[in-house]
Amino acid sequence: MDASKPVRVRMAPSPTGYFHLGSARTALFNWLYARHTGGRFILRIEDTDRTRFVPDSLQDIMDSLRWLGLDWDEGPEVGGPYGPYFQSERLPLYHEWAERLVRAGLAYRCYCSEERLEALRQEQRARKEPVIGYDRHCRTLTAAQRAELEAAGVPSVVRFAMPVEGETHFVDLLRKMKPFDNNQYRDPILLKSDGFPTYHFANVIDDHFMEITHILRGDEWLSSVPLHVNLYNALGWEIPVFAHLPLILDPSGAGKLSKRKKKGEGDEELLTYIREYRAAGYLPEAMFNFLAIMGWAYSADTDLFTRAEAIARFDIHDINPAAGALPLSKLQWMNGHYIRQLAPADLQERLLPFLAGPLGMSVEALRRHPALPILTPLIQERLKTLNEAAALIDFAFVEEIGYDPALLVPKGLTSAQALEALTAATALLTALPFTEEGLDAPLRHLAEQLGLKVGQLFGILRVATTGKNVAPPLFGCMIALGREKTLARCRRAAELLRQC
RNA sequence: GCCUCCAUCGUCUAGAGGACCAGGACACAGGCCUUUCAAGCCUGGUACAGGGGUUCGAAUCCCCUUGGAGGCACCA
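Not measured: the values here are computed from a predicted model. (Residues numbered from 1 in each chain as written. Chains lettered and ligands numbered in written order. Predicted model: local features only at pLDDT ≥ 70, side-chain atom pairs only at ≥ 80, totals over all residues. Heavy atoms only, no water.)

Caption draft 1: How the structure looks around the pattern of salt bridges. Under the definition given, this model contains 31 salt bridges. Here Arg 275 makes a salt bridge to Asp 60, at a shortest N to O gap of 2.8 Å. Here Arg 275 is found in helix α8 (residues 274-279), whereas its partner Asp 60 is found in helix α2 (residues 57-67), with 215 residues between them in sequence. For the salt bridge of Asp 219 with Arg 175, the shortest nitrogen-to-oxygen distance reads 3.9 Å. Of this pair, Asp 219 sits in the loop between β8 (214-218) and α7 (225-235) while Arg 175 is found in the loop between β5 (167-168) and β6 (180-181), placing the two residues 44 residues apart along the sequence. (Salt bridge = Lys/Arg side-chain N within 4 Å of Asp/Glu carboxyl O. Helix = DSSP H or I, 4+ residues; strand = E, 2+ residues; numbered from the N terminus.)

Written out as structure tokens, the structure is:
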């Protein structure tokens, strides 16, 4: 590969499902390499499997990429000089080159039915022979036999005539590859009977005509590279640089992070799609940073870095080739870190959609609610994900809260003592200014007068005002509620204590 | 089964022959702070899979074993 050529890399997802975490990491590395080198990042849609097509997946792919800030220079909705960027719109190109290969004797039409192929596999299994696949039956058909099959209208596919002998060697930037024995590749299909190309063929054709210089893709493609190399050779084209990215394994390390649902670290469901992480309240800047350290390290002593820093340092050669388990707890920590970095006003704005549903309020009403700007800074360092916010501050957005009477009486106190403390505090709160400074000293003094530890008195008040024994700092909660609501809740709690 | 890739703390990783009795982060444990929970700060334990080479010297290079992963479709 000519090093002076401008770098062109691509992400080539197929619209057969939502955008996967692993795909996002592949996209990210491609994007980083393009941005680092000043090259181009291309999005190409590999929609050649009509049976697995999922209508809204294309939108999801684009939404996810944009959410992560991975903008593409060419592709859907952007255009570009190498289009079309949907493989379904490039069919004539594939047909033309398949035909050329057939004419050159490097590919051939195969008329074998699916039934015959299946029978072949059964037979191989029954004889306990390794299942090696197609037996190249149609490779040696005579012209007359072909004419007859064509005349009879037997449907066919186009197969590549892999070299039967010898071995194929290729270079992967990240690992040391042994040569592959050509004979283990069984004349793969280039063009399916429905006229659509297979991945292997469309991929090679498009990467060539789109002038892709580096192919960064998942490890699962490693063993099909020899096939691709032979295709490039047959077509007489230059072979791009390969770098196969390490797979992201299940958090347990047990296998490829599957597109199916598995259980995560705890009992929670393992999130696999970008949209799910987004919906769970992960920040795009955290996801970006996290994805980047899955197989790549910014430096020896930090995991945290900005987009610009990653671009400046990224190099394919620094990618670790070993597959790794998804470190979910690190993602959670990192998301918490990025939440803490946010300006409170920014956090508040990002919180709105996560609050609206659970609190049963409109985003607009929430945005105007006076309690939110008070509470947001208080929960900022308590959040790992945005969707945890509602449970922390819901007490301030409802008229009435329920009480667990047991919580109202701190350990080591009788309910009479708790009631006495609550009554005294209520009386005091009637007159105190509802500010941090206004509440702090008098309430501490009150605890002393009552012979209680500060924590005991504050605990009673915390439960009385929020209904929870774990809540944001007490004074903030009371200020957010306002004097009237705070007093009403204290009185109700006192009433409850009196009854028991 | 066959082919291929990979192998450093529980996990993600730094390490491209001497700077490593192996560094960082998360997680975990203990402590400090403290109004609960967090956050923050301090401290701690735990790793070069095993065995052979090569070399004055190996986590780093080679081989074998073991373990893990991926691939073997008219799916990508």
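Caption draft 2: Main features of the sheet that holds strand β3 (residues 107-110). Across the sheet, 3 strands lie side by side as β3-β4-β7; this open sheet has antiparallel pairing. Of all strands in the sheet, those with a lone pairing partner are β3 and β7 (189-191), marking the two edges. Averaged over all pairs of adjacent strands, the angle between strand axes in this sheet comes to 45°, irrespective of strand direction. Sheet topology places strand β4 (residues 157-160) next to β7; 2 bridges connect them, and they run antiparallel. Across the sheet, the residue bridging to Val 158 is Leu 191, located in β7. (Pairing = 2+ DSSP bridges. Axes fitted to C-alpha atoms, helices over the stretch in contact; angles between N-to-C directions.)

Caption draft 3: Here's a closer look at the protein's contact with RNA strand B. Among the 59 residues in the neighbourhood of RNA strand B, the closest are listed as Lys 192, Ala 254, Glu 381, Arg 382 and Arg 462. When atoms of RNA strand B within 4 Å of the protein are split into backbone and base, the sugar-phosphate part holds 70%. Between RNA strand B and the protein, one listed contact pairs a phosphate oxygen with a backbone N or O atom of Ala 254 at 2.5 Å. Note that a phosphate oxygen of RNA strand B is positioned 2.8 Å from one of the side-chain N or O atoms of Arg 444. Contributions of two or more residues to the surface near RNA strand B are made by α4 (114-126), β11 (324-325), α11 (328-341), α19 (454-466) and α20 (474-481). Looking at the surface near RNA strand B residue by residue, the classes come out as 27 nonpolar, 12 polar and 20 charged. (Near = heavy atom within 4 Å. Polar contact = N/O pair within 3.5 Å; in protein donor to acceptor, adjacent residues only side chain to side chain. Nonpolar A, V, L, I, M, F, W, Y, C, P; charged D, E, K, R; others polar.)

Caption draft 4: Here's a closer look at the confidence of the model for chain A. The share of residues in chain A with pLDDT of 70 or more is 96%, and the mean pLDDT across the chain is 93. Long-range and interchain partners of residues 263-267, a stretch whose pLDDT sits below 50, account for 6 contacts in this model, where long-range means more than four residues apart. Reported confidence for the predicted complex is 0.95 by ipTM and 0.94 by pTM. (pLDDT = per-residue confidence, 0-100. Contact = heavy atoms within 4.5 Å.)

Caption draft 5: Geometry of the packing of helix α14 (residues 371-379) against α20. For the pair α14 and α20, the least separation of the axes is 8 Å and the interaxial angle reads 165°. By the angle class used here, α14 and α20 are roughly antiparallel. Handedness of the crossing formed by α14 with α20: left-handed. Side by side, α14 and α20 meet where Ala 371, Ile 374, Leu 375 and Leu 378 of the first sit next to Gly 476, Cys 477, Ile 479 and Ala 480 of the second. Looking at the contact of α14 with α20 residue by residue, the class counts come to 7 nonpolar, 1 polar and no charged. (Parallel < 35°, antiparallel > 145°, perpendicular 65-115°, else oblique. Left-handed = near helix turned anticlockwise from the far one by under 90°.)

Caption draft 6: Spatial organisation of helix α17 (residues 415-431). Over its 17 residues, α17 extends 25 Å from the first C-alpha to the last, a length consistent with the 24 Å expected when each residue adds 1.5 Å. Those residues of α17 not exposed but buried are Ala 418, Leu 419, Ala 421, Leu 422, Ala 425, Thr 426 and Leu 429. End-on, the buried residues of α17 take up no more than an arc of 165°, which puts them together on one face. Away from its buried face by more than 90 degrees, α17 exposes Ala 416, Ala 427 and Ala 431. In this fold, the buried residues of α17 make contact with α16 (405-408), α18 (436-450), α19, α20 and α21 (483-499). (Expected span 1.5 Å × (residues − 1). Buried < 20%, exposed > 50% of the residue type's maximum accessible area, 1.4 Å probe, protein only. Arc of directions from axis to C-beta.)

Caption draft 7: Geometry of the packing of α17 against α18. Their axes nearest at 11 Å, the elements α17 and α18 cross at an angle of 150°. Considering the angle they form, α17 stands roughly antiparallel to α18. With respect to the hand of their crossing, α17 and α18 are arranged in right-handed fashion. Contact with α17, carried on its side by Glu 420, Ala 421, Ala 424, Ala 425, Leu 428 and Leu 429, involves Leu 439, Pro 442, Leu 443, Leu 446 and Leu 450 of α18 and no other residues of that element. Grouping the amino acids of the contact of α17 with α18 by side-chain chemistry returns 10 nonpolar, no polar and 1 charged.

Caption draft 8: Spotlight on the packing of aromatic side chains. Throughout the structure, instances matching the rule amount to 15 aromatic pairs. Pairing Trp 31 with Phe 288 gives two aromatic rings, centres 5.8 Å apart and planes at 90°, and the pair type is edge-to-face. Here the residue Trp 31 occupies a position in helix α1 (residues 21-37), and Phe 288 occupies one in helix α9 (residues 284-292), the gap between them amounting to 257 residues. What makes Trp 31 buried here is its relative accessible area of 4%. With a centroid separation of 6.2 Å and an interplanar angle of 75°, the aromatic rings of Phe 170 and Phe 242 are classed as edge-to-face. (Phe/Tyr/Trp six-rings, centres within 6.5 Å; stacked < 30°, edge-to-face > 60°.)

Caption draft 9: Highlighting the nonpolar core. The biggest cluster of nonpolar side chains holds 112 residues, and the ones touching the most others in it are Leu 326 and Leu 429. In terms of residue count, α1 provides more of this core than any other element does, 9 residues in total. Not counting residues within four places of it along the chain, the set of residues in contact with Leu 326 comprises Leu 21, Ile 248, Leu 249, Asp 250, Pro 251, Leu 257, Leu 270, Tyr 277, Phe 290 and Met 294. Counting residues in hydrophobic clusters, the runner-up holds 34 residues, among them Tyr 185, Phe 196, Leu 235 and Phe 242. (Core = buried A, V, L, I, M, F, W, Y, C linked by side-chain atoms within 4.5 Å.)

Caption draft 10: Quick look at the side chain of Asp 47. Tracing the chain through its elements places Asp 47 in the loop between β2 (40-43) and α2. Comment: no salt bridge for buried Asp 47; closest opposite-charge side chain is Arg 44, at 8.6 Å. Within the structure, Asp 47 has its side chain in polar contact with the backbone nitrogen of Gln 87 (distance 3.1 Å). Beyond its immediate stretch of four places on either side in the chain, Asp 47 contacts Pro 15, Phe 86, Gln 87, Ser 88 and Phe 196. (Lys, Arg positive; Asp, Glu negative; His and termini not counted.)

Caption draft 11: Structural context of helix α6 (residues 199-209). Of all 11 residues that make up α6, 9 are buried, and the element is covered over most of its length. For α6, every residue scored as buried is listed here: Tyr 199, His 200, Phe 201, Ala 202, Asn 203, Val 204, Ile 205, Asp 206 and Asp 207. In this structure, the buried side of α6 is in contact with β1 (8-11), α3 (91-103), β7, β8 and α7. Residue Glu 211 follows α6 closely and has a positive phi angle near 55°.

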